[in-house]
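# Secondary and tertiary structure notes
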Amino acid sequence: MIKLNSKIILEKEFKKSMKGYSVDQVDQFLDQIMEDYDAFEKQLNELRVENERLKAELENSTRRPAPTQPTTTNTNFDILKRLSNLEKHVFGSKLSE
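This structure is a prediction, so every number in the text was calculated from the model and none was measured. (Residues numbered from 1 in each chain as written. Predicted model: local features only at pLDDT ≥ 70, side-chain atom pairs only at ≥ 80, totals over all residues. Heavy atoms only, no water.)

### Details of a nonpolar patch on the surface
- On the surface, a nonpolar cluster with roughly 500 Å² of combined accessible area is contributed by Leu80, Leu83, Leu86, Val90 and Phe91.
- Relative to the helices and strands, Phe91 resides in helix H3 (residues 72–91). (Patch = residues over 30% accessible without salt bridge, like charges linked within 9 Å, V, L, I, M, F, W, Y side chains within 5 Å. Areas by Shrake-Rupley, 256 points an atom, 1.4 Å probe, with all protein chains shown as cover. Salt bridge = Lys/Arg side-chain N within 4 Å of Asp/Glu carboxyl O. Helix = DSSP H or I, 4+ residues; strand = E, 2+ residues; numbered from the N terminus.)

This is the structure:
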């Protein structure tokens, strides 16, 4: 679970001491962290949207009926008809004798 965001980072305050870190350097670093958090959040949102779109696309594709296959009897009849025409063409009048 993400515990930080750019607002929390921006509002974070540190105590100052005599031998502490440079306030300007800490602020600059926190600014970089905030930019990264904003970029990560934007990318995460884009990926969530894409994920939902892909889920919907997948769901829609599984709902479509499968293309109908020609019935076997029609296919067999067509093959027999073509075979008969081929025999007539090859053997010609010899078949009728």
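### Side note on the pattern of salt bridges
- If you walk through the whole model with that rule in mind, you get 1 salt bridge.
- A salt bridge links Glu57 to Arg53; the shortest N-O distance between them is 3.3 Å. Taken together, the residues Glu57 and Arg53, both in helix H2 (residues 23–63) and 4 residues apart, mark about one turn of the helix.

### Considerations on the packing of aromatic side chains
- According to the stated counting rule, one finds 0 aromatic pairs in the structure shown.
- Here Lys12 stacks its cationic end above the ring of Phe14, 5.5 Å away from the centre of that ring. (Phe/Tyr/Trp six-rings, centres within 6.5 Å; stacked < 30°, edge-to-face > 60°. Lys NZ or Arg CZ within 6 Å of the ring centre and 35° of its normal.)

### Overview of the layout of surface pockets
- One number sums up the size of the largest pocket: a volume of about 360 Å³.
- As for the largest pocket, its lining consists of 16 residues, and the residues nearest its centre are Glu13, Phe14, Val23, Val26 and Asp27.
- Among the secondary structure elements, those contributing two or more residues to the lining of the largest pocket are helix H1 (6–11) and H2.
- Counting residues per element, the lining of the largest pocket draws most heavily on H2, which supplies 6 residues. (1 Å grid on protein atoms, 1.4 Å probe; cavity = no way out; pocket = protein on both sides within 12 Å on 5 of 7 lines; lining within 4 Å. Points joined across faces, edges and corners; volume = space filled by probe spheres on them.)

### Description of a negative patch on the surface
- Together, Asp24, Asp27, Asp31, Glu35, Asp36, Asp38 and Glu41 make up a negatively charged patch on the protein surface.
- On the secondary structure map, Asp31 appears in helix H2.
- Asp31 sits in the partly exposed class, given a relative accessible area of 38%. (Lys, Arg positive; Asp, Glu negative; His and termini not counted. Charge placed at Lys NZ, Arg CZ, Asp CG, Glu CD. Buried < 20%, exposed > 50% of the residue type's maximum accessible area, 1.4 Å probe, protein only.)

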